[in-house]
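Observations on the three-dimensional arrangement
For reference, the chains in residue letters:
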Amino acid sequence: MKVIHGLQGNPDQQIILTTHSPNLASKVPLKSLILLNGTNAYPLGNAPDGSSYTGLDDDDQQFLEWFLDVTKSNLFFAKGLIMVEGWSEEILWPALASKMKQQRLISQDLTEAGVSVVNVGGTSQLRYARIFLRAYGPQIDVPVSVVTDVDMPVSRLQRLPTERAAKAVAAKAEKLRKKFDEQSVRAFVAPEWTLEYCLHKSSSLSNSFKAAAIAVHPSLGKGDFESKLVQMLSKRRLSKVAIAARVAKTIMEDSHSPNPKLVLCETDVHIKYMLDSIKHAIGAEG
């Protein structure tokens with residue numbers, strides 16, 4: 001890294017360095033990177049006329065210079081990507097893929113397919129996804145799944161008539177999909193509020209989620225579970241990562257069990273977006 005830093009200080013020489021190291025990639029300015037994919041080379045900076053080769057604008061470039069660290073830089077070396085908002089999804093998605101393979105919904109898990117789950121630590125997925133959008137020329141053959149919450153609290157929706165609430169959620173989800181869906185990038189939006197609320201509502205994983213949530217927060221086992229869950233989510237007091245870790249452990253153990261009990265149903269609307277995001281990233285749609 002010191003050598004790279006020193007070499008970049010000389011503007012009068014051109015140096016080409018190839019690497020498979022996220023460490024090195026994270027230290028080189030984005031505009032200096034060239035992504036090799038298939039038989040094509042994709043510059044991530046600007047063309048000679050000053051226009052961008054990618055979907056990134058100047059603000060995106062500056063943001064990524066700050067936040068594209070070693071962990072996130074593995075996106076340059078993946079065959080497929082799942083961009084998520086936080087640790088809960090990063091922990092849960094590989095377990096879901098393992099279970100999907102066990103059920104033969106897919107033929108490979110994420111590791112076998114060369115798919116990386118990139119935790120962007122917030123809702124800035126679009127900035128990262130734009131790295132894979134080309135302003136012109138051939139598209140980058142890397143499927144990118146962007147997973148995001150619909151973020152419409154139940155407490156707000158309960159004040160609306162059922163039909164109006166459903167339309168509001170559908171409109172928000174469609175707006176998010178239009179924001180992201182382009183070239184190989186696809187958005188997969190939680191149908192209700194947050195990941196945790198979807199797990200609670202899921203016909204496939206509700207029991208596993210409830211057991212995990214009560215193990216982490218025993219008070220959830222006393223009284224009405226849903227109302228207490230909504231309250232904790234609203235006040236941001238739910239230990240989401242600890243719960244996700246327990247749910248992931250349950251799913252992983254079941255996927256390797258000779259007598260599995262869990263079944264991920266593709267007709268389960270509350271987890272369908274999770275399953276579809278994995279299928280898209282490994283190229284197993286349809």
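Placed above this text is the structure.
Report on the accompanying structure. (Residues numbered from 1 in each chain as written. Predicted model: local features only at pLDDT ≥ 70, side-chain atom pairs only at ≥ 80, totals over all residues. Heavy atoms only, no water.)

1. Details of the nonpolar core
By size, the foremost hydrophobic cluster in this structure holds 45 residues, and its most contacted members are I82, L92, W93, L96, Y273, M274 and I278. The greatest single-element share of this core, amounting to six residues, is contributed by helix α4 (residues 87-102). Contacts of M274, omitting those with residues within four sequence positions, involve W93, L96, L195, C198 and L199. (Core = buried A, V, L, I, M, F, W, Y, C linked by side-chain atoms within 4.5 Å. Buried < 20%, exposed > 50% of the residue type's maximum accessible area, 1.4 Å probe, protein only. Helix = DSSP H or I, 4+ residues; strand = E, 2+ residues; numbered from the N terminus. Contact = heavy atoms within 4.5 Å.)

2. Some points on the sheet that holds strand β3 (residues 80-84)
Read from one edge to the other, the open sheet built from four strands follows the order β4-β3-β5-β6, with strand pairing classed as parallel. In this open sheet, the two edge strands, each paired with only one partner strand, are β4 (115-119) and β6 (185-189). The average angle at which neighbouring strand axes cross in this sheet is 20°, direction not considered. Here α4 sits on the sheet in contact with β3, β4 and β5 (144-148), set at roughly 160° to β4. (Pairing = 2+ DSSP bridges. Axes fitted to C-alpha atoms, helices over the stretch in contact; angles between N-to-C directions.)

3. Here's the deal with the layout of surface pockets
There is about 1000 Å³ of room inside the largest pocket. Taken together, 24 residues line the largest pocket, and the ones lying closest to its centre are I16, L17, S32, L33 and I34. Breaking the lining of the largest pocket down by element, the ones donating at least two residues are α1 (2-7), α2 (22-25) and β1 (34-37). By residue class, the composition of the lining of the largest pocket is 16 nonpolar, eight polar and no charged. (1 Å grid on protein atoms, 1.4 Å probe; cavity = no way out; pocket = protein on both sides within 12 Å on 5 of 7 lines; lining within 4 Å. Points joined across faces, edges and corners; volume = space filled by probe spheres on them. Nonpolar A, V, L, I, M, F, W, Y, C, P; charged D, E, K, R; others polar.)

4. With respect to the pairing of β3
Successive residues of a regular strand alternate their side chains across the two faces of the sheet. Burial analysis of β3 places five of its five residues in the buried class, the great majority of the element. Burial along β3 is two-sided: G80, I82 and V84 facing one way and L81 and M83 facing the other are all buried. The pairing of β3 with β4 spans five bridges and is classified as parallel. Bridge pairing in β4 links I82 to V117. Examined bridge by bridge, β3 and β5 share three bridges and lie parallel to one another. Each residue of the ladder has a partner; that of L81, found in β5, is V144.

5. Quick look at the state of the cysteines
Throughout this description, disulfide means a covalent bond between two cysteine sulfur atoms. Tallied over the full model, the rule gives zero disulfides. No disulfide involves C198; its nearest neighbouring cysteine sulfur is the one of C265, lying 15 Å away. Of the residues examined, C198 reaches a relative accessible area of 0% and is grouped as buried. (Disulfide = S-S within 2.5 Å.)

6. Describing a nonpolar patch on the surface
A cluster of nonpolar residues, V3, L7, I15 and L17, forms a patch on the protein surface that exposes about 360 Å² of accessible area. Mapped onto the fold, V3 is located in helix α1. (Patch = residues over 30% accessible without salt bridge, like charges linked within 9 Å, V, L, I, M, F, W, Y side chains within 5 Å. Areas by Shrake-Rupley, 256 points an atom, 1.4 Å probe, with all protein chains shown as cover. Salt bridge = Lys/Arg side-chain N within 4 Å of Asp/Glu carboxyl O.)

7. Overview of the packing of aromatic side chains
What the rule picks out here adds up to four aromatic pairs. Here the aromatic rings of Y53 and Y136 are separated by 5.8 Å at their centres, their planes lie at 55°, and the arrangement is tilted. Of this pair, Y53 sits in the loop between β2 (40-43) and α3 (58-67) while Y136 sits in the loop between α6 (125-129) and β5, placing them 83 residues apart in sequence. For the pair F63 and Y128, a centre-to-centre distance of 6.2 Å together with 80° between the ring planes defines the contact as edge-to-face. Residue F63 is located in helix α3, and its partner Y128 is located in helix α6; the two are separated by 65 residues in the primary sequence. (Phe/Tyr/Trp six-rings, centres within 6.5 Å; stacked < 30°, edge-to-face > 60°.)

8. Describing helix α10 (residues 206-216)
Within the sequence span of α10, burial applies to S206, S208, F209, A212 and A213. The arc that holds every buried residue of α10, seen down its axis, measures 160°, which confines them to one face. Turned more than 90 degrees off the buried face of α10, the exposed positions are N207 and A211. Here the buried face of α10 lies against α9 (195-201), α11 (225-234) and α12 (240-255). (Arc of directions from axis to C-beta.)

From the geometry alone we can't say anything about function, so treat these as descriptive.
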